[in-house]
Amino acid sequence: MSHGHSPEHTSRRRFLTGSLVLGATGAVAAGSLAAASGAYADVPDDPTGTVKRAASSAAGDAAERADFWVAPAGDDAGTGERTSPFATLTRAQRAVREATAAGATTLTVHLGGGTYELAEPLLFTSRDAGPGRQVAYVAVDGETPVLSGGSAVTGWRLYDAAKNIWRAAVGPRTDTRQLWVNGRRAVRARSAFLPAGFEMTETGYVYSGEEFDFTRWRQLRDVELVSFRRWRSYRCRIESAERTGTGVRLDMQNPGWELAYADHLPWGNITVPVWVENAYELLDEEGEWYLDTRAGHLYYKPRAEEDLASAETVLGRLETLLEIRGELDDPVMDLRFDGISFCYGTWLEPNSPTGFAVIQAGYHQTAPGTTAKLPANVTMRAAERVAFHRCRFQHLGGSGLELEYGTRHADITGNLFEDVSGNGIQVSGTDEIHHHPDDDRATVLDNRITNNCVTNVASEYHGCVGIWVGYADTTTIEHNTVYDLPYTAISVGWGWGTVDPGGSAGYTTPSTSRNNSVSYNHIHHFTQRLIDGGGIYTLSAQPGSVIRGNYIHDLVINHYDDSLVYLDEATRNYLVEDNVLCGTPSWWLKIWTSSIRDNRAVHNFVDRPDAVWNDGVDNVVEDNVPLDPAALPEEAQAIAARAGVEPAYRDLLPGGVPAPPPVSEVCDPDYAGQPPLGPPWTP
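Since this is a predicted model, take the numbers as computed values, not measurements.

Okay, the overall build of the protein next. When helices and strands are counted, the protein shows five helices and 54 strands. In the protein, buried positions account for 58% of the 683 residues. Of all intrachain contacts in the protein linking residues separated by at least 6 positions in sequence, the fraction that spans at least 24 positions is 76%. Only carbon and sulfur atoms are counted for the fraction: they give 49% of the accessible area of the protein, which is about 25,200 Å².

Read from one edge to the other, the open sheet built from twelve strands follows the order S3-S6-S24-S30-S33-S36-S39-S42-S45-S48-S51-S54, with strand pairing classed as parallel. The open sheet terminates on both sides in strands that have one partner only, identified here as strand S3 (114-117) and strand S54 (625-626). Where strand S51 (residues 605-606) lies against S54, two bridges are found, and the strand directions are parallel. Residue pairing in the sheet places Phe605 in a bridge with Val625 of S54.

Okay, the sheet that holds strand S19 (residues 288-292) next. Read across the open sheet, the five strands follow the order S8-S9-S20-S19-S12; overall the sheet is mixed. Either end of the sheet is taken by a strand with one partner, and the two such strands are strand S8 (157-160) and strand S12 (187-188). In terms of strand pairing, S19 meets strand S20 (residues 297-301) through five bridges, oriented antiparallel. In the sheet register, Trp289 faces S20, and the bridge partner there is Tyr300.

With four of five residues buried, strand S33 (residues 416-420) is to be regarded as a mostly interior element. In terms of strand pairing, strand S30 (residues 392-396) meets S33 through four bridges, oriented parallel. Counted as the bridge partner of Leu396 is Val420 from S33. With four bridges joining them, S33 and strand S36 (residues 453-457) adopt parallel strand pairing. The residue of S36 that forms the bridge with Val420 is Val457.

In total, this model carries 40 aromatic pairs according to the counting rule given. Residues Phe212 and Phe214 carry aromatic rings whose centres are separated by 5.5 Å and whose planes lie at 50° to one another, so their mutual orientation is tilted. Each of the two residues, Phe212 as well as Phe214, counts as buried. Ring plane angle 15° and centroid distance 5.0 Å describe the contact between Phe337 and Phe388, whose orientation is recorded as stacked. Placement of Phe337 in strand S23 (residues 332-338) and of Phe388 in strand S29 (residues 383-389) is noted, with a sequence separation of 51 residues between them. Take Phe337 and Phe388: they sit in the same class, and that class is buried. Aromatic rings pair up to connect Phe198, Tyr205, Tyr207, Phe212, Phe214, Trp217, Trp257 and Tyr261 into one cluster.

Before going further, it helps to spend a moment on the pattern of salt bridges. The full count for this structure, using the stated rule, is 35 salt bridges. Between Glu277 and Arg235 there is a salt bridge whose closest N-O contact spans 2.9 Å. Of this pair, Glu277 sits in strand S18 (residues 275-277) while Arg235 sits in strand S16 (residues 232-244), and the two are 42 residues apart along the sequence. Each member of the pair, Glu277 together with Arg235, is buried. A salt bridge links Lys590 to Asp532; the nearest nitrogen and oxygen atoms lie 3.4 Å apart. Here Lys590, found in strand S49 (residues 587-591), pairs with Asp532, found in the loop between strand S42 (522-526) and strand S43 (534-538); they are 58 residues apart in sequence, far enough to count as distant. Each member of the pair, Lys590 together with Asp532, is buried.

Our focus in this paragraph is the nonpolar core. Tyr137, Ile324, Leu335, Phe337, Phe342, Met380 and Phe388 are the most contacted members of the largest nonpolar core, which totals 82 residues. Phe388 has contacts with Leu322, Ile324, Phe337, Phe342, Val378, Met380, Phe393, Leu401, Asp411, Ile412, Thr413 and Asn415, leaving out every residue within four places of it along the chain. Of all hydrophobic cores here, the second largest spans 38 residues; its members include Cys236, Met252, Trp257 and Ile270.

Residue Asn254 is joined to Pro255 through a cis peptide bond whose omega torsion reads 15°. Here Pro255 is to be found in the loop between strand S17 (247-252) and helix H3 (256-261). Phi is positive for His479, which is not a glycine, with a value near 55°. Here His479 shows up in the loop between strand S38 (473-478) and strand S39 (481-483). One non-glycine residue, Trp496, adopts positive backbone phi at about 55°. Take Trp496: it is sitting in the loop between strand S40 (490-492) and strand S41 (517-519).

Attention shifts here to the confidence of the model for the protein. The share of residues in the protein with pLDDT of 70 or more is 86%, and the mean pLDDT across the chain is 88. Low pLDDT (under 50) marks residues 1-63, which in the prediction has 132 contacts with non-local residues, meaning those over four places away or in another chain. Here residues 668-683 scores under 50 on pLDDT; set against residues more than four positions off or in separate chains, the count is 38 contacts.

By the element assignment, Thr379 lies in strand S28 (residues 376-381). Using a relative accessible area of 15% as the deciding quantity, one classes Thr379 as buried. When near neighbours in sequence (up to four residues on either side) are disregarded, Thr379 contacts Leu322, Glu323, Ile324 and Glu402.

Attention now moves to the side chain of Thr455. The topology assignment puts Thr455 in strand S36. Look past the residues within four positions of Thr455 in its chain and what remains in contact with it is Leu416, Phe417, Glu418, Asp419, Tyr483, Asp484 and Pro654.

About the cut-offs
Residues numbered from 1 in each chain as written. Predicted model: local features only at pLDDT ≥ 70, side-chain atom pairs only at ≥ 80, totals over all residues. Heavy atoms only, no water. Helix = DSSP H or I, 4+ residues; strand = E, 2+ residues; numbered from the N terminus. Buried < 20%, exposed > 50% of the residue type's maximum accessible area, 1.4 Å probe, protein only. Contact = heavy atoms within 4.5 Å. Areas by Shrake-Rupley, 256 points an atom, 1.4 Å probe, with all protein chains shown as cover. Pairing = 2+ DSSP bridges. Phe/Tyr/Trp six-rings, centres within 6.5 Å; stacked < 30°, edge-to-face > 60°. Salt bridge = Lys/Arg side-chain N within 4 Å of Asp/Glu carboxyl O. Core = buried A, V, L, I, M, F, W, Y, C linked by side-chain atoms within 4.5 Å. pLDDT = per-residue confidence, 0-100.

The structure is reproduced here in structure tokens:
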């Protein structure tokens, strides 16, 4: 359905490396940026005109360069030189724009170590990085700049000495879903796992247990019930509680409950709660917290090693820390972030009556027939050759990093994604602009995700994944280490075949999903809470795509529907080869229905060669090699050794692998304990 547009750029240009020096050829005159490019409301003009310019006479041409420095203890009235740094990135943006207007083409902003608490999201457009210039925001060597979307909490006072509960005033308009103490995520007050006494109704539940006295709770409408159902983790809020002859009737808030309950399909809709969350009355364990949004009081029960007089306590506040927003006719180009930490974001939609009526991998319903993606705290769209190198995406309440429509030739290399509520990295989307765009420039194309460590993500929305790709062309996911996940590690594709030729949506041309590579990754300890997932999971036709050279092991849940490599509905045209696949109680390869066809799985090293579910059509599974995981053959050892982050990036890997949740706290109550390789589940 293309209208004739072709990609403007099909080859990757490298960022200029090495030292960028500040020249002294004169300051940019005050107001020159406005004169050159017009007013820009969110970044006002520089009143002092302190931007410096650099010049080079190589080959008789001017190669304009400019450097600026920023430090938390700096001053926005300074010059931006190393000895007089700015205090904020917003001020540095103004300086970069003025230098660009004065002719600079290579611009670097050096960020000193410390925390930059953002008052509002940072917005980058083509005025910040566009054609003909290279712009980089880099950490000063040996220092760690942190861009924070959070607010520090101070003034803690002991509130309940008997229970060791402390309180701080944060203001009645404060809203969040996350608290971190000394860089460690605190637990929003909740019950024990799988409380007894809940029975579902069409409007909510009847509670006949004795543990909770819902009719007496102080802020009942803030209370969430969390439910696991196979690959989904729902969240719905209580509307009211009324005592009846059979117990307490709990009516849930809408539209969240209606969306989660719709048709009450046994294979995917909400069921009884796995825990109750967000009430002061549940605040009984060390490391738990509760926010009374009406009174503006934050309560916390500290861990034994924490002293709130000196502890760093941070509430997530901003839903977006950084937005790179180009347009197809005016993309952001050649922008680089190096060595920067993006921390302490939130996402507030589940605090509303909409709740979180999840579909899969963070996609959720907001109204009947309307879906939305769980947003990332750092996003880009219509951006070309944007790079994130050795950055940290930690302590985030949304997803980590998003590459949306029109993102091309991005380079996501050597980053750490850790302690993220949603997906670690998400690429493209599921709408028509993603799978059959009218303008080819909207296609998400040729993006590289390499040498990243992705761990402990989906920590709040457990059905999210480590790396998720919707409809995209030539996505390279290589040499990543992905582990400690409640559900799937890497997921590529969407749609269950509906938008492929012959699918129910009526398209006659292929989607943009093609030529994707998931190769040389080390994936382990996944599906730790939910089921029907895999180490690598795919959907729909993706011609030219490969799963190669991965080392995948330790699928945790003992369930029939999980697999190390899971080719789900309508997956076509994948080559699965030269992988080392072991440590599964269920399948190493799952091809479960006839819509899955024309795939090849050859020359993989597997510890259970018979653990293949192949009910597809024209799929080739052959020449796979049995192995003993305790004594890998030489070729398998080489594959395993090569997989995951390469040596230059192994400092990213945190030490050790956390213990998985107790067996009693995984899956959902309707399917827990189903034997592996038993009879297929039926509704």
